[in-house]
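Spelled out, the chains give:
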Amino acid sequence: MSERSEERAGRGRFIAFEGGDGVGKSTQVRLLADYLRGKQHEVVVTHEPGDSRIGAQVRSVVLDGGELDARAEALLFAADRADHVASVISPALARGASVLTDRYVDSSIAYQGVGRALGVSSVAALSEFATEGLRPDLTVLLDLDPAQRRLRLEQLGQFDRIEREPDEIHDQIRRAFLELAGAAPERYLVLDASRAADELAVDIAAAVEELVASGRMSGE
């Protein structure tokens, strides 16, 4: 076996959960983590923004602060992601752990590239630089009708700076996520987030089992 093959064989699996606010990503991350731990896998659960060494400060500015220039917002998310990959994701993958992240590159492309009209290619290039090209092995996209998304957020009773954006912006973001998935269907699992959480969890676990059985890694 070549050095490159050995490196990839020992690497853990990287799974990202994407979708609009209120679709249930954190619930599905938790359920998948429980499932994998039950099979004796080491699992690292993480999220963006905020779970890097600089994450708390970045999260405070981009989500809880006042108005912010769109380019500054994109750069702050990229800085958080660069440190997130360097300090959390890559070390965990290198030791063979499964990494589950609530949001990753697609969120920047959808929210800043499309929602903030900075351009998909510009934000994608920024994220490529921040992550050194690290892609998820699988991206689970939880898709939810805009009216249901709004109802869920209203039930939570608290909106951050981005969640307060007009519905038409969130509609554009939803379409952006779906377009990303449509462009590379082999790397995505798109699910209707209005379904019961336990039903979704079964489908996600099955997709992860298929990924492991196939031996496919990100970038292949």
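Description of the structure in this document. (Residues numbered from 1 in each chain as written. Predicted model: local features only at pLDDT ≥ 70, side-chain atom pairs only at ≥ 80, totals over all residues. Heavy atoms only, no water.)

## Examining the pairing of strand E1 (residues 14-18)
With five of five residues buried, E1 is to be regarded as a mostly interior element. The side-chain alternation of E1 yields two buried faces, one formed by Phe14, Ala16 and Glu18 and the other by Ile15 and Phe17. Relative to strand E4 (residues 138-143), E1 runs parallel, the two being bridged by four bridges. Bridging across to E4, Phe17 finds its partner in Val140. (Buried < 20%, exposed > 50% of the residue type's maximum accessible area, 1.4 Å probe, protein only. Helix = DSSP H or I, 4+ residues; strand = E, 2+ residues; numbered from the N terminus. Pairing = 2+ DSSP bridges.)

## With respect to the packing of aromatic side chains
Taken as a whole and assessed by the stated rule, the structure comprises two aromatic pairs. Residues Phe14 and Tyr104 carry aromatic rings whose centres are separated by 5.0 Å and whose planes lie at 80° to one another, so their mutual orientation is edge-to-face. In this pair, Phe14 is assigned in strand E1 and Tyr104 in the loop between strand E3 (98-102) and helix H5 (105-115), connecting sequence segments 90 residues apart. An identical accessibility class is assigned to Phe14 and Tyr104; each is buried. Judged by centre distance (6.1 Å) and plane angle (75°), the rings of Tyr111 and Phe177 are edge-to-face. One end of the pair, Tyr111, is in helix H5; the other, Phe177, is in helix H8 (residues 167-183), with 66 residues separating them in the sequence. An identical accessibility class is assigned to Tyr111 and Phe177; each is buried. One cation-aromatic arrangement involves Arg81 over Tyr104; the distance from NZ or CZ to the ring centre is 5.7 Å. (Phe/Tyr/Trp six-rings, centres within 6.5 Å; stacked < 30°, edge-to-face > 60°. Lys NZ or Arg CZ within 6 Å of the ring centre and 35° of its normal.)

## Details of helix H9 (residues 197-214)
Over its 18 residues, H9 extends 26 Å from the first C-alpha to the last, a length consistent with the 26 Å expected when each residue adds 1.5 Å. Taken residue by residue, H9 has Leu200, Ala201, Ile204, Ala205, Ala207, Val208 and Leu211 as its buried positions. Buried residues of H9, viewed axially, fall in a sector of 165°; they line one side. In this structure, H9 carries Asp198, Val202, Glu210 and Ala213 as exposed residues pointing more than 90 degrees from its buried face. In the core, the buried residues of H9 are packed alongside E1, helix H2 (25-38), E4 and strand E5 (188-192). One or two steps after H9, the chain reaches Gly215, where phi turns positive at roughly 75°. (Expected span 1.5 Å × (residues − 1). Arc of directions from axis to C-beta. Contact = heavy atoms within 4.5 Å.)

## Here we look at H5
Of all eleven residues in H5, ten are buried; the element is thus mostly enclosed. Burial in H5 covers these residues: Val105, Asp106, Ser107, Ser108, Ile109, Ala110, Tyr111, Gln112, Gly113 and Gly115. Buried-residue contacts for H5 involve E1, helix H4 (70-94), helix H6 (120-131), E4, H8 and E5. Note on H5: the residue one or two positions beyond its end, Ala117, has a positive phi of about 60°.

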